[in-house]
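Structural overview
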Amino acid sequence: SGLADRSAAFLQKQAAYEDAEPLFVEALAMRRAALEPGHPDIATSLNSLANFYADQQQFSRALPLIEEARTQHLILAVDVAVLHTRACKHVQYSSR
């Protein structure tokens, strides 16, 4: 999926939009299939596809992806904060 993202970005820079879009979509689908919801790589793929659409003024297609990416990232941030809190409590309990 990283290769698909990089290939799509390269094609986008070459203005080969018809070739780039399926690769962005494929990279996102592969990451969704392989990773847990909220994984930062899924948010990265969502963001890449959203930027692709925004660059082409397709904002109605970009906006839902941006919102989902933001939600995914926030879910991840909450999970990290919870894990950090639990880890700190564990260290305090172990040092007693």
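The structure this text deals with has already been given above.
Now for a look at the structure at hand.

A closer look at unusual backbone geometry
In this model, alanine 15 sits at a positive phi of 65 degrees, which is unusual for a non-glycine residue. Mapped onto the elements, alanine 15 comes out in the loop between α1 (2-13) and α2 (17-34). Judged by its relative accessible area of 48%, alanine 15 is partly exposed. The phi dihedral of glutamine 57 is positive, around 65 degrees, even though this residue is not glycine. Within the element layout of this structure, glutamine 57 appears in the loop between α3 (40-55) and α4 (59-94).

A look at the environment of proline 40
Among the secondary structure elements, proline 40 is positioned in helix α3. The exposure class of proline 40 is partly exposed, given its relative accessible area of 37%. Separated by 32 residues in the primary sequence, proline 40 and glutamine 72 have C-alpha atoms spaced 7.4 Å apart.

Here is what the cut-offs are and how they apply
- Residues numbered from 1 in each chain as written.
- Predicted model: local features only at pLDDT ≥ 70, side-chain atom pairs only at ≥ 80, totals over all residues.
- Heavy atoms only, no water.
- Helix = DSSP H or I, 4+ residues; strand = E, 2+ residues; numbered from the N terminus.
- Buried < 20%, exposed > 50% of the residue type's maximum accessible area, 1.4 Å probe, protein only.

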